[in-house]
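An overview of the molecular structure
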Amino acid sequence: MRNEFYIKYTLMSILFSTSLFLPIRVLYLVCYGATSQDISLLKMIFSVAVLLFEIPTGVVADKISRKLSLQLSSLLFILHALLYLIIPNFFGFALGQLLLGIASAFKSGADAAALSSYVKNETKDEYKAVAGKIQLVTKIMSAVFMVMAGILYAMDRQLNFIVAVIMGSLNFILITSLTGKHMAENEKVKFSIADYKTQIADAWQMMLGNKRVRKIIVFSSVFITIMMINFEYYQVQLLKIGFPIEFNGILYALFMIFMGNGAFLIHKFSPQVNKRYLFALIMAATSASYGIMGLSSSAVMLVIFMLFQQLVYGSGLLIIEDYLLNEVSDGNKKSTVLSMNSLIVSIYKVVILFMITIFLKYFSVDVFYVVLAFVNILVGLYFYRGIVVSKKETGVYK
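These numbers come from a predicted model, not from an experiment.

So, on to the overall build of the protein chain. Helix and strand counts for the protein chain stand at 15 helices and zero strands. A separation of at least 24 residues holds for 84% of the contacts in the protein chain among residues at least 6 apart in sequence. Entry remark: accessible area of the protein chain is about 19100 Å², with carbon and sulfur atoms responsible for 68%.

As structure tokens, this is what we get:
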């Protein structure tokens, strides 16, 4: 991959990474007086921003310029990091999370569309092969950044965000240097507004008119939200056991590796195992891990179950996608259904995060994990009884 555009695109993806401050963000917030409730609220602000700006920012990329969309994303990324440095209080953090959410929305889709357009029109390469290699390099660098995160934070708690500002600035310069039709408007396609409305209406009916699909959406929204919240509240638990800050980055790098292995293992072993028993085993073990994390003060036990939950996260996402794709019979609507599912999941996430924010006002994170164990059991039973067991014919559901 010595192509100049590929190299620049890979560097852009690396510089957009949040891995340099993700492993220490909660530690940083706590140092400036943030409570568990504040942390949950800040996460909710980010989710609301992504939800509200997802479609408007897509219009910028589609109708004006992908390059402009990516430039705006990098500028907002810089401003978000500056706010964490200049206004280290809840107001500054909230505004920073808002800008980071909008930045994510501007980036979403614009980068992949630019790469796809370039590969299709300027090369003879296969998009999946190129994108796969770029993602591999990006993930490796994200793991490196996560290792660096703990070291930088131990040196100076503001250093991570200072480096993030520098990375964002370099990224803006890099994006500005990208030229070509693939960075501007999309190719013109004969696809009317009426066709668009019909596609959305059919996909919507396919989702809401199918009881099994509705259950998949409920399960995926709760499952994904719980796992993403874990990524934040792990740091609260690590503080409780006195886990060395310098090793936070290494631990979070391991999370990424375990996540990837989770998807690989489920893909490798699921054809050989009855999926009903596999799903039941995964959900039961995950519920037990939440309960133990809330009750145990053993550093070894906490770290082991955190790593286990990353395996579950990686495998769970693949299971959800597998069920949803197999439930949609029309191949021309699968992408639309998946996109709309993501939007509905985002709405669910905001609601669930709001509920958790209220809960943490009155209860500790330890109690939260114990309750989470019971919630996970109920959600697992809901999905198991409504989808896994009820499917009569043999195949991926058995």
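After that view, the rundown keeps rolling.
So, about the packing of helix H4 (residues 66-86) against helix H6 (residues 110-122). A packed helix pair is summarised by two numbers, namely the angle formed by the two axes and the spacing between the axes. Closest axis-to-axis distance for the H4/H6 pair is 9 Å, and the angle between their directions is 140°. The crossing of H4 and H6 is left-handed. Counted together, Arg66, Ser69 and Leu70 of H4 and Ala110, Asp111, Ala113, Ala114 and Ser117 of H6 form the full contact between these two elements. Class assignment of the residues belonging to the contact of H4 with H6 gives a composition of four nonpolar, two polar and two charged.

This next bit is on the packing of H4 against helix H8 (residues 159-177). Between H4 and H8, the shortest axis-to-axis distance is 9 Å and the interhelical angle comes to 165°. As judged from the angle between their axes, H4 and H8 are roughly antiparallel. Crossing of H4 against H8: the hand is left-handed. Contacts between H4 and H8 involve Lys67, Leu70, Gln71, Ser74, Leu75, Phe77, Ile78, Ala81, Leu82, Tyr84 and Leu85 from the first element and Phe161, Ile162, Ala164, Val165, Gly168, Ser169, Phe172, Ile175 and Thr176 from the second. Residue composition of the contact of H4 with H8, by class: 14 nonpolar, five polar and one charged.

Turning our eyes to something else, we now look at the confidence of the model for the protein chain. For residues with low pLDDT, the predicted coordinates do not support detailed interpretation. Within the protein chain, residue pLDDT values average 75, and 71% of them lie at 70 or more. Long-range and interchain partners of residues 185-191, a stretch whose pLDDT sits below 50, account for 11 contacts in this model, where long-range means more than four residues apart. Scored below 50 in pLDDT, residues 392-398 makes 20 contacts in the model with residues more than four places away or belonging to other chains.

Moving on to the environment of Leu95. Turning to its location among the elements, Leu95 is positioned in helix H5 (residues 90-107). Since its relative accessible area comes to 30%, Leu95 is described here as partly exposed. Residues Leu95 and Leu79, spaced 16 residues apart in sequence, show a C-alpha to C-alpha distance of 9.5 Å.

What follows covers the pattern of salt bridges. Pairs may arise between side chains of opposite charge once their charged atoms sit close together. The tally for this structure, following the rule as stated, stands at one salt bridge. A salt bridge links Lys8 to Glu4; the shortest N-O distance between them is 3.2 Å. Taken together, the positions of Lys8 and Glu4, both in helix H1 (residues 4-15) and four residues apart, correspond to about one turn of that helix. Accessibility expressed as a relative area gives 19% for Lys8, which makes it buried.

Turning our eyes to something else, we now look at the packing of aromatic side chains. Each aromatic ring pair is described using two quantities: the centre-to-centre distance and the angle formed by the ring planes. The full count for this structure, using the stated rule, is 14 aromatic pairs. Aromatic side chains Tyr84 and Phe93 sit 5.0 Å apart centroid to centroid with 40° between the ring planes, which places their arrangement in the tilted category. The class for Tyr84 is buried, based on a relative accessible area of 0%. Judged by relative accessible area, Phe93 falls into the buried class, the value being 1%. Ring centres of Phe368 and Tyr369 lie 5.5 Å apart, and the angle between their planes is 65°; this geometry places the pair in the edge-to-face category. The exposure classification of Phe368 matches that of Tyr369, with both residues buried. In textbook terms, an aromatic cluster arises when at least three aromatic residues are bridged by ring pairs, as seen for Phe21, Tyr28, Tyr32, Phe77, Tyr84, Phe93 and Phe161.

A word on a nonpolar patch on the surface. Taken together, the side chains of Ile347, Val351, Phe354, Met355, Ile358, Tyr362, Phe363, Val367, Val371 and Val375 make up a nonpolar region of the molecular surface, amounting to roughly 900 Å² of accessible area. Of all the secondary structure elements, the ones that give two or more residues to the nonpolar patch are helix H14 (334-362) and helix H15 (365-388). You can see Phe363 is positioned in the loop between H14 and H15. Take Phe363: its relative accessible area is 44%, and that puts it in the partly exposed class.

The subject of this paragraph is the side chain of Asp38. Structurally, Asp38 is set in helix H3 (residues 36-64). Although Asp38 lies buried, it forms no salt bridge, and the closest oppositely charged side chain, Lys361, sits 10 Å away as judged by the N-O distance. For Asp38, the side chain forms a polar contact with the main-chain nitrogen of Thr35, separated by 3.0 Å. Contacts of Asp38, omitting those with residues within four sequence positions, involve Gly33 and Phe90.

Moving on, we come to the nonpolar core. Counting 64 residues, the largest nonpolar core has Phe161 and Tyr369 as the members making the most contacts within it. Considering every element that reaches this core, the biggest residue donor is helix H10 (residues 211-240), with 11 residues. The next biggest cluster of nonpolar side chains, apart from the first, holds 21 residues, and it includes Met12, Ala110, Tyr118 and Phe145.

Cut-offs and rules
- Residues numbered from 1 in each chain as written.
- Predicted model: local features only at pLDDT ≥ 70, side-chain atom pairs only at ≥ 80, totals over all residues.
- Heavy atoms only, no water.
- Helix = DSSP H or I, 4+ residues; strand = E, 2+ residues; numbered from the N terminus.
- Contact = heavy atoms within 4.5 Å.
- Areas by Shrake-Rupley, 256 points an atom, 1.4 Å probe, with all protein chains shown as cover.
- Axes fitted to C-alpha atoms, helices over the stretch in contact; angles between N-to-C directions.
- Left-handed = near helix turned anticlockwise from the far one by under 90°.
- Nonpolar A, V, L, I, M, F, W, Y, C, P; charged D, E, K, R; others polar.
- Parallel < 35°, antiparallel > 145°, perpendicular 65-115°, else oblique.
- pLDDT = per-residue confidence, 0-100.
- Buried < 20%, exposed > 50% of the residue type's maximum accessible area, 1.4 Å probe, protein only.
- Salt bridge = Lys/Arg side-chain N within 4 Å of Asp/Glu carboxyl O.
- Phe/Tyr/Trp six-rings, centres within 6.5 Å; stacked < 30°, edge-to-face > 60°.
- Patch = residues over 30% accessible without salt bridge, like charges linked within 9 Å, V, L, I, M, F, W, Y side chains within 5 Å.
- Lys, Arg positive; Asp, Glu negative; His and termini not counted.
- Polar contact = N/O pair within 3.5 Å; in protein donor to acceptor, adjacent residues only side chain to side chain.
- Core = buried A, V, L, I, M, F, W, Y, C linked by side-chain atoms within 4.5 Å.

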